[in-house]
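What follows is each chain in one-letter form.
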Number of protein chains: 2
Amino acid sequence: MANISNKAQQMPASAIRKLVPFADAAKKEGVKVYHLNLGQPDIKSPACALEAIKNYSKENISYSHSAGLMELRQGLVEKYYKNIGIDITVDELIVTVAGSESVNLALEIACDPGDEVLVLEPFYTNYNTFAFMNELTLKAIPTDIHKGFQIPDIEEFEKAITPKTKAILICNPGNPTGTQYSKESMLALGEIARKHDLFLLSDEVYREFCYTDEPHFSAMNIPGLEQNVILIDSVSKRYNLCGARIGCIVSHNKDVMTAAMKFAQARLCSPVLGQYAAIGALDTPESYFKEVKEEYIRRRDYMIDALNKIEGVYTPLPMGAFYTIAELPVDDTEKFAKWMLENFRIDNETTMVTPAASFYKTPGKGKNHARIAYVLEIDALKKAIHILEEGLKAYPGRTL
Amino acid sequence: MANISNKAQQMPASAIRKLVPFADAAKKEGVKVYHLNLGQPDIKSPACALEAIKNYSKENISYSHSAGLMELRQGLVEKYYKNIGIDITVDELIVTVAGSESVNLALEIACDPGDEVLVLEPFYTNYNTFAFMNELTLKAIPTDIHKGFQIPDIEEFEKAITPKTKAILICNPGNPTGTQYSKESMLALGEIARKHDLFLLSDEVYREFCYTDEPHFSAMNIPGLEQNVILIDSVSKRYNLCGARIGCIVSHNKDVMTAAMKFAQARLCSPVLGQYAAIGALDTPESYFKEVKEEYIRRRDYMIDALNKIEGVYTPLPMGAFYTIAELPVDDTEKFAKWMLENFRIDNETTMVTPAASFYKTPGKGKNHARIAYVLEIDALKKAIHILEEGLKAYPGRTL
């Protein structure tokens, strides 16, 4: 029997999915599980995207150009980015296999094995996975739940930068925090990137899910930082087409795009049916985003209020995406989440949350934090949070 | 301006695509280019696959399980693999983003950075790219065009194996050679893998494109090698759905599948629309493959005969896939291919072939070899080969 590589053995398993067997066991017993742990929205895709699929009329499905179908690239540049004030040419955009591939590409284009990347903690756990795969070290800059996870004083970045630091990786608005960064914060980040000649890898896949009046400020619009910014974006997430797996990587830096093209050629092309859905999605009316936002704001407002009414629970008001990080009055949210799935039911229903420790790099941090998504309808959220509240009262490891 | 990583700088560009700008320039002049260089088949996809897409009726496109839709996994196990005599369970198969992701996964699961992988030369150039990305060394075992690129004496493998060798990577039937390996050859390969405890990574994406009476013998059926074989497979290529980007990785080795699952979770899921097309494709009637094979055999027979009739050209009869490697009477096929695109026309038409040096690891080898695909209809092949023949007579670097 041949042995698998050390790399494959040491590759971290998805912390988010660790509790899935316990949820499955509960479901087998006939228990209904409210999934506050998942970011799988129930929102409809735009009709024009689904129509584009139904209208696929070719007799086979052949490869596209490795950079994506020209119609999609041009459409993204002219119908989408231009419209939101990001000015790019077709050569500055390559279609990827969703935001996931863009993150991985951005990291490997910016960094060699052994290099360091600064991230704001808590961060999307798969940043850890992609860093591991590329033999990079993530260095966490702490943020504070009581300050809404905003970008801390720039001094914190200065302290963390070493000669091995090659990039800052941000998510704006953020998964898991829902935090949206202000223009001022982005300019400050730009300043530090310029000063130390770092890449700013800006994951903006939740850009269209912002709930403040302040417009989203893209890293692409930081003056003078054009050669340092790599934009990580998703098309499929924007239009509730998550499974279509279409994203893009964007940069004004020619070397970055030349390198991205070489990586893109190695995997031949992005999924073509998803590309057609994405072309269709480009005609999505403004009213679609307006309705989606209004719905998320309703859900968010209900949920944040309900959570903060629970004794010992604190969560800030997220301004984007569809998650929040909440501090719970428990010893360990992983134990609590497991306990809920195994032991706690009201009318044969229970609630599942995501323990947030895996969103932190600093050992011990986030142990009493959970990520809670508001992708369910309000009636379901009501029940789910009631069960959570009662569970917190009954949990043996409560700290109140 | 931030500098991209050394890795991204050194990443090899696709050698196959290097000549594309010269083809584009010819087309701009109004010249028709016969693409004998591309493996993009013009064959129709099965109607049941295209129907499955038209019938997609959900209101959004959400993520699938990271291992793929259960209906597809079960369908592949029960409707496809069982039918061709490969006996696996659902747990032994994970749906991937086409064969490309499977190759990459197999390499990183089998090998750590610095490890060595044996390949039969000439081989699919992207093996080089994926090896580079994973910091592996490919060690080439030479094969002989005059022996139909068959697996050489097992002694050649023994000579190449070092303590760093972790795997043998084969493609059967092969791109670029079209060679199909006999059961005896596969058993001999199995023997050497077992003796040195190597993984046998078996790329069988062209399995349904075999043109001999001898049935295809899969590495999955080498007795006693169950724990060493990783099968690299494509679903989309099999059904002329290349752009759908659906493949799979298969192994009886639990550690391999556990590791594959961790990598699969990092990229969330395979393209879901492609997965539905693949589910539809599982009902493809036998007659479809029969017709496709008959068409390829007609094209192959015509092309191989026509090539071998040209003075100084030699190519063996490929038994699978839709390529052949031909020896041309020229100093350098790269120069020749470029010269054809820039200088040679008959009735304002020219022919493009792929220089084969990039399919070889040994420096200088394959310099007078070209990969020639037979994916065009016979009338087009006739014209293309006539132009190639006349071009060979006129080329200043001819060696006859």
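Further up the page is the structure itself.
Every value quoted in this text rests on a predicted model; they were computed, and no experiment measured them.

The rules behind each value
Residues numbered from 1 in each chain as written. Chains lettered and ligands numbered in written order. Predicted model: local features only at pLDDT ≥ 70, side-chain atom pairs only at ≥ 80, totals over all residues. Heavy atoms only, no water. Contact = heavy atoms within 4.5 Å. Buried area = accessible area lost by both parts, 1.4 Å probe. Salt bridge = Lys/Arg side-chain N within 4 Å of Asp/Glu carboxyl O. Polar contact = N/O pair within 3.5 Å; in protein donor to acceptor, adjacent residues only side chain to side chain. Helix = DSSP H or I, 4+ residues; strand = E, 2+ residues; numbered from the N terminus. Nonpolar A, V, L, I, M, F, W, Y, C, P; charged D, E, K, R; others polar. Phe/Tyr/Trp six-rings, centres within 6.5 Å; stacked < 30°, edge-to-face > 60°. Buried < 20%, exposed > 50% of the residue type's maximum accessible area, 1.4 Å probe, protein only. Lys NZ or Arg CZ within 6 Å of the ring centre and 35° of its normal.

Observations concerning the interface of chain A and chain B
Move 1: Counting from both sides, the interface comprises 79 residues of chain A and, opposite them, 79 residues of chain B.
Move 2: Note on chain A versus chain B: buried area summed over both sides is about 6300 Å², and carbon and sulfur give 56% of it.
Move 3: Looking at the side of chain A facing chain B, the largest losses of area belong to Met 1, Tyr 63 and Lys 262 of chain A, adding up to 11% of the total buried there.
Move 4: Run the count over chain A and chain B and you get 2 salt bridges.
Move 5: A salt bridge links Glu 59 of chain B to Lys 44 of chain A, with the shortest nitrogen-to-oxygen separation between them at 3.6 Å.
Move 6: For the interface between chain A and chain B, the tally reads 39 residue pairs in polar contact (both at pLDDT 80 or more).
Move 7: Contributions of two or more residues to the side of chain A that touches chain B are made by helix 1 (6–10), helix 3 (47–54), helix 5 (98–110), helix 6 (126–133), helix 9 (254–266) and helix 10 (272–281) of chain A.
Move 8: A per-element tally of the side of chain A that touches chain B places helix 9 of chain A first, with 7 residues.
Move 9: Here the residues of the side of chain A that touches chain B sort into 37 nonpolar, 26 polar and 16 charged.

Notes on the side chain of Asn 175 of chain A
Residue and element names in this part refer to chain A.
Move 1: Following the sequence through the fold, Asn 175 ends up in the loop between strand 5 (165–171) and helix 8 (183–195).
Move 2: Within polar-contact distance, the side chain of Asn 175 engages the side chain of Tyr 206 at 3.5 Å.
Move 3: Those residues in contact with Asn 175 that sit more than four places away from it in its chain are Phe 123, Tyr 124, Tyr 206, Tyr 323 and Arg 371.

Considerations on unusual backbone geometry
Move 1: Along the chain, Asn 175 of chain A connects to Pro 176 of chain A via a cis peptide bond; the corresponding omega equals 20 degrees.
Move 2: Counting through the fold element by element, Pro 176 of chain A comes out in the loop between strand 5 and helix 8.
Move 3: Between Asn 172 of chain B and the following residue, Pro 173 of chain B, the backbone shows a cis peptide bond with an omega angle of -5 degrees.
Move 4: Its place among the elements puts Pro 173 of chain B in the loop between strand 5 (165–171) and helix 8 (183–196).

Looking at the packing of aromatic side chains
Move 1: This model, assessed by the stated rule, comprises 36 aromatic pairs over all chains.
Move 2: For the pair Phe 336 of chain A and Trp 339 of chain A, a centre-to-centre distance of 6.3 Å together with 25 degrees between the ring planes defines the contact as stacked. On the criterion of helical spacing, the pair formed by Phe 336 of chain A and Trp 339 of chain A is a turn pair, its members being 3 residues apart in helix 12 (residues 333–343). Here the two residues Phe 336 of chain A and Trp 339 of chain A agree in accessibility, since each one is buried.
Move 3: By the ring-pair criterion, three or more aromatic residues cluster together here, those being Tyr 206, Phe 209, Tyr 211, Tyr 296, Phe 322, Tyr 323 and Tyr 374 of chain A.
Move 4: The ring of Tyr 80 of chain B carries Arg 238 of chain B above its face, with NZ or CZ at 3.6 Å from the centroid.

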